[in-house]
Each structure stands twice: as C-alpha cells, then as structure tokens.
Amino acid sequence: MYEPVLTTQSQLERAWRKLMGPWSYGGHSVWMMLIVDDRPLPQLTEIADAAHPPHPEELDGLAKLLAMLDREVAPGLRVAFLRSRPGKDTITDTDRAWATSLYAAARRASVPCEVVHLATRGVIRPIPADVVGIRQSSA
C-alpha cells in the first residue's frame, strides 16, 4: 500500500506523480486527496466532466462537503486537489479559474488546502495560490 508522508509541496507533487502516472487524459477531471496526520487517506475522489469551472452553487456544495468531511469524518484534515485534462501543460485561464475555485472552497470550509496541481500528458505541475492572485495562509 502506498502511504507517503506529506509535509512539503515537493512530497505532495511526488505523490501526485506516483498516483496519476505519466498517462494522457482523455477528459477533464478534478481529483481530491484528503490528508490526515500528514498521510493521504487511501482513496481519491474524482469530480468527472470538469471542463468548466464550477458555478457558485457547485462551489458552495464543495465547500459544504469539505466542512462536513472535516467535522464528521476526519477532523483536522487537509485537502489537496489536482486538475487533469488533455492538451498541453501550459496553465490556461480555465486551469487558473479551477484553482481559484478550489482554493476558495477550502477557505470557505476552513480546511487547509495544499497547492493545487495540474496534470496533462506526462506532466504534473503546481498552480500555487499566488499564481491565481490568492494570498494563502500556510496549510
């Protein structure tokens, strides 16, 4: 079983590389990893068909889900997100909008959020909060 310790951004990036592999992506998804006591829980959650950033009510739903998970399932959790999509590894406006939304949902839920990552064919790269204009307190 894969059980890395995740205390730094580089460890998180390595974990995403191990979990997501060097594959191509035929669709647009957002992946959510819950981290408790510096270790990821043993399952990832996929939000499929995620070509367009969430509408406000979808963002509210994600924030409520994160708050419920923190309150009832794994108090003290941290969350990590990865957006996967086909195409080049250039960070697009849509990637930035997704990252902004994911950081916002975590902030609304008062759940620490790790650096959001982007996965494209063979490449995984970070989209830090400051790249999308968010001042983030340390996670």
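Conventions used here
Residues numbered from 1 in each chain as written. Predicted model: local features only at pLDDT ≥ 70, side-chain atom pairs only at ≥ 80, totals over all residues. Heavy atoms only, no water. Helix = DSSP H or I, 4+ residues; strand = E, 2+ residues; numbered from the N terminus. Rg over C-alpha atoms; globule rule 2.2 N^0.38 Å. Buried < 20%, exposed > 50% of the residue type's maximum accessible area, 1.4 Å probe, protein only. Contact = heavy atoms within 4.5 Å. Areas by Shrake-Rupley, 256 points an atom, 1.4 Å probe, with all protein chains shown as cover. Salt bridge = Lys/Arg side-chain N within 4 Å of Asp/Glu carboxyl O. Expected span 1.5 Å × (residues − 1). Axes fitted to C-alpha atoms, helices over the stretch in contact; angles between N-to-C directions. Parallel < 35°, antiparallel > 145°, perpendicular 65-115°, else oblique. Left-handed = near helix turned anticlockwise from the far one by under 90°. Nonpolar A, V, L, I, M, F, W, Y, C, P; charged D, E, K, R; others polar. Arc of directions from axis to C-beta. Pairing = 2+ DSSP bridges.

Participant: I keep staring at the overall build of the protein and nothing clicks. Help me out?
Facilitator: If you tally the helices and strands in the protein, you get three helices and five strands. In sequence order, the protein lays out its α and β elements as α-β-β-α-β-α-β-β. Its C-alpha radius of gyration of 14 Å places the protein within 12% of the 14 Å reference for a compact globule of 139 residues. Each of the 139 residues in the protein was classed as buried or not, and the buried ones make up 43%. Taking the contacts inside the protein whose residues are at least 6 apart along the sequence as the reference set, 70% of them involve residues at least 24 apart. Carbon and sulfur atoms form 52% of the exposed surface of the protein, whose accessible area is close to 7500 Å².

Participant: Just to check I follow, could you spell out the pattern of salt bridges for this structure?
Facilitator: Where charged atoms from two side chains of opposite charge come close, those side chains can pair. Across all of its chains, the model carries eight salt bridges by this definition. Here Arg-78 ties to Glu-114 by a salt bridge, and the two come within 2.5 Å at their closest N and O atoms. With Arg-78 in strand β3 (residues 78-84) and Glu-114 in the loop between α3 (93-109) and β4 (116-120), this pair connects stretches of sequence that are 36 residues apart. Among the residues examined, Glu-114 registers a relative accessible area of 12% and is labelled buried. Residues joined in a network through salt bridges with shared partners are Asp-38, Arg-78 and Glu-114.

Participant: It is not clear to me how α3 should be interpreted in this structure. Could you clarify?
Facilitator: An α-helical turn contains 3.6 residues, so a residue and the one three or four places further along point in the same direction. A rise of 1.5 Å per residue sets the reference length of α3, with its 17 residues, at 24 Å; its end C-alpha atoms lie 24 Å apart and thus fit the reference within 8%. Taken residue by residue, α3 has Asp-95, Trp-98, Ala-99, Ser-101, Leu-102, Tyr-103, Ala-104, Ala-105, Ala-106 and Ala-109 as its buried positions. The secondary structure elements touched by the buried residues of α3 are β1 (29-36), α2 (56-73), β3, β4 and β5 (123-127). Downstream of α3 by one or two residues, Ser-110 has phi in the positive range, about 60 degrees.

Participant: Looking at this structure, I do not really get the packing of α2 against α3. What am I missing?
Facilitator: The angle between the axes and the distance between the axes are what describe a pair of packed helices. Packing of α2 against α3 leaves a shortest axis separation of 8 Å and a crossing angle of 45 degrees. Put simply, α2 runs oblique to α3. Seen along the crossing, α2 lies across α3 with a hand that is right-handed. Side by side, α2 and α3 meet where Leu-59, Asp-60, Leu-62, Ala-63, Leu-66 and Ala-67 of the first sit next to Ser-101, Leu-102, Ala-104, Ala-105, Ala-106, Arg-108 and Ala-109 of the second. For the contact of α2 with α3, the residue count by class is ten nonpolar, one polar and two charged.

Participant: Can you walk me through α2 in this structure?
Facilitator: Its 18 residues place the ends of α2 25 Å apart at the C-alpha level, agreeing with the 26 Å of an ideal helix rising 1.5 Å per residue. Where α2 is concerned, the buried positions are Leu-59, Leu-62, Ala-63, Leu-66, Leu-69 and Asp-70. All buried residues of α2 fall inside an arc of 125 degrees around its axis, so they share one side. Facing away from the buried surface of α2 by more than 90 degrees, the exposed residues are Glu-57, Lys-64, Arg-71, Glu-72 and Val-73.

Participant: Teacher, can you tell me more about the pairing of strand β2 (residues 39-47) here?
Facilitator: Walk down a regular strand and you will see the side chains alternate between the two sheet faces. Bridge analysis of β1 against β2 gives six bridges, and the strand direction is antiparallel. The residue of β2 that forms the bridge with Met-32 is Thr-45. The loop that links β1 with its antiparallel partner β2 comprises two residues; one of these, Asp-37, has a positive phi angle of about 50 degrees.

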